[in-house]
Structures are given as structure tokens and as C-alpha cells.
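Chains, contacts and geometry: an overview
Listed below, chain by chain, are the residues.
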Amino acid sequence: MHEGNGFHLPENIIYEILTRLPASSLARFKSVCKEWNSLILSPQFAKSHLHQATTSSNPYSHARCALVRTFRSSIGGGRAAFDDDVTGLMVKIHCDSFISDCSFSVGSCNGLVCFGSYFHGFHHVNNFYFYNPITRQHRRVSTPFQGLSRQDMTAAFGYSSFLEDYRFVVVCRPVRTSGTRVFVYSLFRDNSWTEIKGEGIREIESLVPAEMGVEVDEKLHWLMAPVSDQNDVRIVGFDLVDKGCKLVPMPMPNLRLSSRLSVLSGCLCIWSYDEHGEAQLWMLKRYGAWDSWTKMFNLGVDVRSPDFGVGGDKSVGFIEAKKVFVQTTCRKLLIAGLYQNPPAYETVVNDLGDYEVMSYVESLISPLQTHTCNHTSAG
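Quick summary incoming for the structure in this document. All residue numbers here refer to positions counted from 1 along the written sequence of the relevant chain. Per-residue local features are limited, in this predicted model, to residues with pLDDT of at least 70; the limit for side-chain atom pairs, both in listing and counting, is 80 or more; totals at the level of whole chains, interfaces and linings are taken over all residues. Think of the side-chain values as coming from all heavy atoms in the structure, minus any hydrogens and water.

**As for the overall build of the protein chain**
- Each helix corresponds to a stretch of at least 4 residues labelled H or I by DSSP, and each strand to a stretch of at least 2 residues labelled E; elements are numbered beginning at the N terminus. Regarding its fold elements, the protein chain presents five helices and 26 strands.
- For each residue, the accessible area found with a 1.4 Å probe, counting protein chains only, is set against the maximum for its type, and the residue is called buried under 20%, exposed over 50%, and partly exposed in between. Expressed as a percentage of the 379 residues in the protein chain, the buried residues total 51%.
- The contact criterion used throughout is that any non-hydrogen atoms of two residues lie within 4.5 Å. Considering only contacts in the protein chain between residues 6 or more positions apart, those separated by 24 or more positions represent 53%.
- In short, Shrake-Rupley with a 1.4 Å probe defines the accessible areas, and a residue's cover is counted only from the protein chains shown. When the accessible surface of the protein chain is split by element, carbon and sulfur atoms take 49% of a total near 18200 Å².

**Some words on the environment of Ala-155**
- As for its position among the elements, Ala-155 is in strand β9 (residues 153–160).
- Classification of Ala-155 as buried rests on a relative accessible area of 0%.
- For the pair formed by Ala-155 and Val-171, sequence separation is 16 residues and the distance between their alpha carbons is 6.0 Å.
- Ignoring anything within four residues of it in the chain, the contact list for Ala-155 reads Val-106, Phe-168, Val-169, Val-170, Met-212, Gly-213 and Trp-222.

**Brief notes about the environment of Trp-193**
- Relative to the helices and strands, Trp-193 is located in strand β12 (residues 193–196).
- Distance from Trp-193 to Thr-143, taken between C-alpha atoms, is 8.6 Å for residues 50 residues apart in sequence.
- Discounting residues that sit within four places of it in the chain, Trp-193 has contacts with Phe-128, Val-141, Ser-142, Thr-143, Pro-144, Phe-168, Val-170, Phe-183, Val-184 and Tyr-185.

**A few points about helix α4 (residues 43–55)**
- What a helix should span is 1.5 Å times the count of its residues minus one. The first and last C-alpha atoms of α4 sit 18 Å apart over 13 residues, in line with the 18 Å expected at 1.5 Å per residue.
- For α4, the complete set of buried residues consists of Phe-45, Ala-46, Ser-48, His-49, Leu-50, Gln-52 and Ala-53.
- On its buried face, α4 sits against α1 (11–19), α2 (23–29), α3 (34–41) and β10 (165–172).

**Concerning the sheet that holds β10**
- For two strands to pair, DSSP has to find at least two bridges joining them. Spatially, the four strands line up as an open sheet ordered β9-β10-β11-β12, and their pairing is antiparallel. Edge positions in the sheet fall to β9 and β12, since each of these pairs with one other strand and no more. Across the sheet, the mean angle separating the axes of adjacent strands is 25° when strand polarity is ignored.
- In this sheet, β10 lies alongside β9 in antiparallel orientation, the contact comprising eight bridges. Along β10, the bridge assignment pairs Thr-154 with Val-171. Geometry is summarised by axes, namely lines fitted to C-alpha atoms with helices restricted to the contacting stretch, and by angles between N-to-C directions that run from 0 to 180 degrees.

**Let's talk about the nonpolar core**
- Take the buried residues of types Ala, Val, Leu, Ile, Met, Phe, Trp, Tyr and Cys, join any two whose side-chain atoms come within 4.5 Å, and each joined set is a nonpolar core. In terms of nonpolar packing, the biggest core is built from 50 residues, with Ile-93, Phe-115, Met-153, Tyr-166 and Phe-168 touching the most fellow members.
- Residues contacting Tyr-166, with those up to four places away along its chain left out, are Leu-50, Cys-109, Asn-110, Leu-112, Phe-157, Gly-158, Tyr-159, Tyr-185, Ser-186, Leu-187, Phe-188 and Ile-365.
- Counting residues in hydrophobic clusters, the runner-up holds 16 residues, among them Ala-156, Ile-201, Leu-220 and Met-224.

**Focus on unusual backbone geometry**
- Look at Glu-164: it is not a glycine, yet its phi comes out positive at around 50°.
- Mapping Glu-164 onto the fold places it in the loop between β9 and β10.

**Quick look at a nonpolar patch on the surface**
- What makes a patch is a set of residues exposed beyond 30% relative accessible area and free of salt bridges, joined within 9 Å when like-charged and within 5 Å when nonpolar (Val, Leu, Ile, Met, Phe, Trp, Tyr). Whenever Lys or Arg places a side-chain nitrogen within 4 Å of a carboxyl oxygen from Asp or Glu, that contact is recorded as a salt bridge. Where nonpolar side chains cluster on the molecular surface, the patch consists of Leu-9, Ile-13 and Ile-17 and spans about 240 Å² of accessible area.
- By the secondary structure assignment, Leu-9 is in the loop between β2 (6–7) and α1.

**A closer look at the side chain of His-221**
- Secondary-structure assignment places His-221 in strand β15 (residues 219–226).
- Accessibility expressed as a relative area gives 0% for His-221, which makes it buried.
- There is a polar contact of 2.7 Å between the side chain of His-221 and the side chain of Tyr-287.
- Ignoring any residue separated from it by four or fewer positions in sequence, one finds His-221 in contact with Gly-213, Val-214, Val-216, Val-236, Gly-237, Val-248, Leu-261, Leu-268 and Tyr-287. Polar contacts, as counted here, are pairs of nitrogen or oxygen atoms within 3.5 Å of one another; within protein the pair requires one atom able to donate a hydrogen and one able to accept it, and residues that are adjacent in sequence qualify only if both atoms are side-chain atoms.

**Points about the pattern of salt bridges**
- Considering all chains together, one arrives at seven salt bridges under this definition.
- Lys-47 serves as the salt-bridge partner of Glu-164, at 3.6 Å between the closest nitrogen and oxygen. Highlighted residues: Glu-164 in the loop between β9 and β10 and Lys-47 in helix α4, separated in sequence by 117 residues.
- Residue Arg-181 pairs with Glu-195 through a salt bridge whose shortest N-O separation is 2.9 Å. One end of the pair, Arg-181, is in strand β11 (residues 181–186); the other, Glu-195, is in strand β12, with 14 residues separating them in the sequence.
- A residue is classified by how much of its surface remains accessible, and Arg-181, at 24% relative accessible area, is partly exposed.

**With respect to the pairing of β11**
- Within β11, five of the six residues are buried, which leaves the element mostly enclosed by the surrounding structure.
- Pairing between β10 and β11: six bridges, direction antiparallel. Each residue of the ladder has a partner; that of Phe-168, found in β11, is Tyr-185.
- Pairing of β11 with β12 involves four bridges; the strand directions are antiparallel. Bridge pairing in β12 places Val-182 opposite Ile-196.
- Counted between consecutive antiparallel strands, the loop separating β11 from β12 contains six residues, among which Asn-191 sits at a positive phi close to 50°.

This is the structure:
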């Protein structure tokens, strides 16, 4: 169809084309005209674009890994050097444009990256930030109470399609209290903290939080251990709708666990090591079917070796592409190729410096969005 000297496409066709383009390109295309600016900034378009990015086989929409640099220059953090092979596979995200304090990364969900900040010389967290690197928007959220210690907490955030809300959960065990406390922040609905008490946290009252958590099947997961035995690590799941904690069955009894949970291909994963110290990756192939825990591969390296460092590692990457990025405790970045057994791996970064590695997908989701709908939040 012609209009003047050019072509005119129906609006629905333009909409479908735009939802299939990279978010980074769409951020620039807002300046094409007022109509495109209004469309690209709309929450419904962001939601449609994210759906395409996470479900289609469009080569421009694959989820990627991110190198996230937290701002630590005040305590002497170093900068890592990355070659083209690594930077071509990963996105670099910096948070120092809006966080002036020291910071740490919590995780990412649907293009939103979460950081926590604390004052130099202290370990009390003062704020959390939700940041979209594509739109350059961020939201600052204060902690649920003053004196929250970075060393006594874990956190994670995820999205509930039922509630149409992002929920951020902090699990902590303050020194002056006798039990574990759980706080939930609603990003789109209530913009406020709620403390979960009673039956919702009964199974974890005597457990101590470990590393930051991950989201799988719209549930958050952490590793926690009893106060009396820090080596007796358990997996804890938190339902974003019901706001309750439950223990997740382990792959096998007496498994020697690493310190991190991971997500690969949308599945919950955990690293363990055998009697020889060799790293193994276990995957829960069907969430809720606990007998679907499967040992995917041995990495063929001793977790106690200089390449890994004592304490474990975490993985991000893509099983489909036969590559898994592994960030080791001693700040190395490896790429494990799963095309042979044991997997071939190579060290691609010897020292990550200020950077952390996380799974990431570009999106237009705004952390400043508010939402009202007909259903009522549980709790």
C-alpha cells in the first residue's frame, strides 16, 4: 500500500515487527516519531516485546549473559580486561552512574537488574536499586528496617504472572533476634514491604541464609543451613503468590554442595563435588517432579584447585548452545564446552575484578511502572 512517495504498513504489522527487534535498538527508535515513542514506552508493548524475546527463536531475542560491574572504587576494586570473544557474548552493565556507595549485585529478572548498596567501612545495607540498563531507568527502595547487615542476609526477586507484579524478597537473621525474618517488597502493586510470619516461614526459622537466590518457575530459591551445622545445606523455595517457604528435596542424600544455585535453560541447577573434589552440575528438569534431578556433567576440575578456589562456583549460560559460563570463587571466568565428556573448558578471564556474571535478557520493562488490577494480593 502506497501513501505519497513512500510505503505505508498497517499499524498491526508495524507492531509485530517492532516487538521482534532488540530492545537496545527500540530504545533508539523512540526518536523516530511521537507515535513510536508512545508505543515503545507503553507497558503493554514492553510486555509483548519481552514475550517475544523469551519464547521465540528470533536470533535477535536470545537471552544473554551480562557482566555486571558494581561500584567499588572506594575500596580499591580492580577492573578486568575482556577480549572480543567474551564481550561479543556478553553485555556489560555498570551501576556507578546512580549508586555512589559500595554495592553488590542481587540478580536479574526480565531485564531488570537488582543491586544493593552499603556505606564504605560498614556492612549495613542502606538501599536496593532496580535498574533497566536499556531504558536507563532505576528505582531506589529503602531496606525493610535500619541496620540490615549484608553479612546476615540473602535476597532474590522474580515475576508472578498471576499477580502481574515483581516481588523482591529479603531473608535475614539479625544478630539480636532469635529467628530468621522474611520481608517481601511489591514493586508494581503496593510499593511497600510486608514481613512474613507464622506458618509461612515455619520451615526456615532455624536456618541461616547463604548466597543470593535465583528464580525458577516463578518461585525464589536459596541455599540455607541450620545454625548448629553450617555444612548441612538445604534448598529453600519461596512461592511469590502464597508467600510461603518450603524445603526443596535435594538431588540425592548427603550431597556435597557448592555455595551457589544457578539457572540454566529455565531449570534449577546446583553444583556439587564428589569424593575427589570434582565439580558436578545437577539440573531439576521438571520443577515439582523431584525425581527429575539429573547429573548433567562433571566439569573435570577439582573445586579445590587454583582454577576454582575453595567454596564453589556459579554457572550461567546456555545448555542449548552447548556452552556454560562458570564464574569461580577465585574470580576467574571459564567457558565449559559440553560437546565432549568430560567437558572441555578454558579460562577466558583470569580476574573478573569488579565484575559479576549473571543471566540477563534485554527488555523495555520499566522499574518505575505501577499497576492496578482486579485480583487481590495473597497476604
